[in-house]
Amino acid sequence: DGYTMATDELESGIGLPWKLRLRLSDETGRGMQVHSRMSEEYLGVRPGMSAVGVLLSTSREFGELAGMTDFCVLEEVAGGEAVEA
């Protein structure tokens, strides 16, 4: 929990920052893995949290995913509403 981008030990040691790796999947079992630079804002992300994203596909049926441009992890709150984590 003591991570900050300003004091990233890996980056100061070897020049590469810590990475965050997320695997997102839908109800049909299709999935995509996303890599991002670690940030303090991501420390609350936990397995099983819901997420929404902007997906790209080469076909109109989205049978195969080609990329993701953005995503937002949601945190469930009382009453069934979701808020950005």
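Summarised in this report is the structure supplied together with it. (Residues numbered from 1 in each chain as written. Predicted model: local features only at pLDDT ≥ 70, side-chain atom pairs only at ≥ 80, totals over all residues. Heavy atoms only, no water.)

A tally of regular secondary structure across the protein chain gives 1 helix and 5 strands. Counting from the amino terminus, helix and strand elements in the protein chain follow one another as α-β-β-β-β-β. Sorting the 85 residues of the protein chain into buried and exposed places 18% on the buried side. Summarising the internal contacts of the protein chain: among those between residues at least 6 apart in sequence, 30% fall at separations of at least 24. Carbon and sulfur atoms form 51% of the exposed surface of the protein chain, whose accessible area is close to 6600 Å². (Helix = DSSP H or I, 4+ residues; strand = E, 2+ residues; numbered from the N terminus. Buried < 20%, exposed > 50% of the residue type's maximum accessible area, 1.4 Å probe, protein only. Contact = heavy atoms within 4.5 Å. Areas by Shrake-Rupley, 256 points an atom, 1.4 Å probe, with all protein chains shown as cover.)

Below, the discussion takes up the nonpolar core. Membership of the largest hydrophobic core is limited to 6 residues, which are Y3, L20, L22, M38, V45 and V73. The residues touching V45, leaving out its near neighbours within four places in the chain, are L22 and V73. (Core = buried A, V, L, I, M, F, W, Y, C linked by side-chain atoms within 4.5 Å.)

Below, the discussion takes up the layout of surface pockets. Looking at the largest pocket, its volume works out to about 600 Å³. Contributing to the lining of the largest pocket are 27 residues, with R23, L24, S25, M49 and A51 lying nearest its centre. Of all the elements, strand β1 (residues 19-25) adds the most residues to the lining of the largest pocket, at 6 residues. Counted by class, the lining of the largest pocket contains 16 nonpolar, 5 polar and 6 charged residues. (1 Å grid on protein atoms, 1.4 Å probe; cavity = no way out; pocket = protein on both sides within 12 Å on 5 of 7 lines; lining within 4 Å. Points joined across faces, edges and corners; volume = space filled by probe spheres on them. Nonpolar A, V, L, I, M, F, W, Y, C, P; charged D, E, K, R; others polar.)

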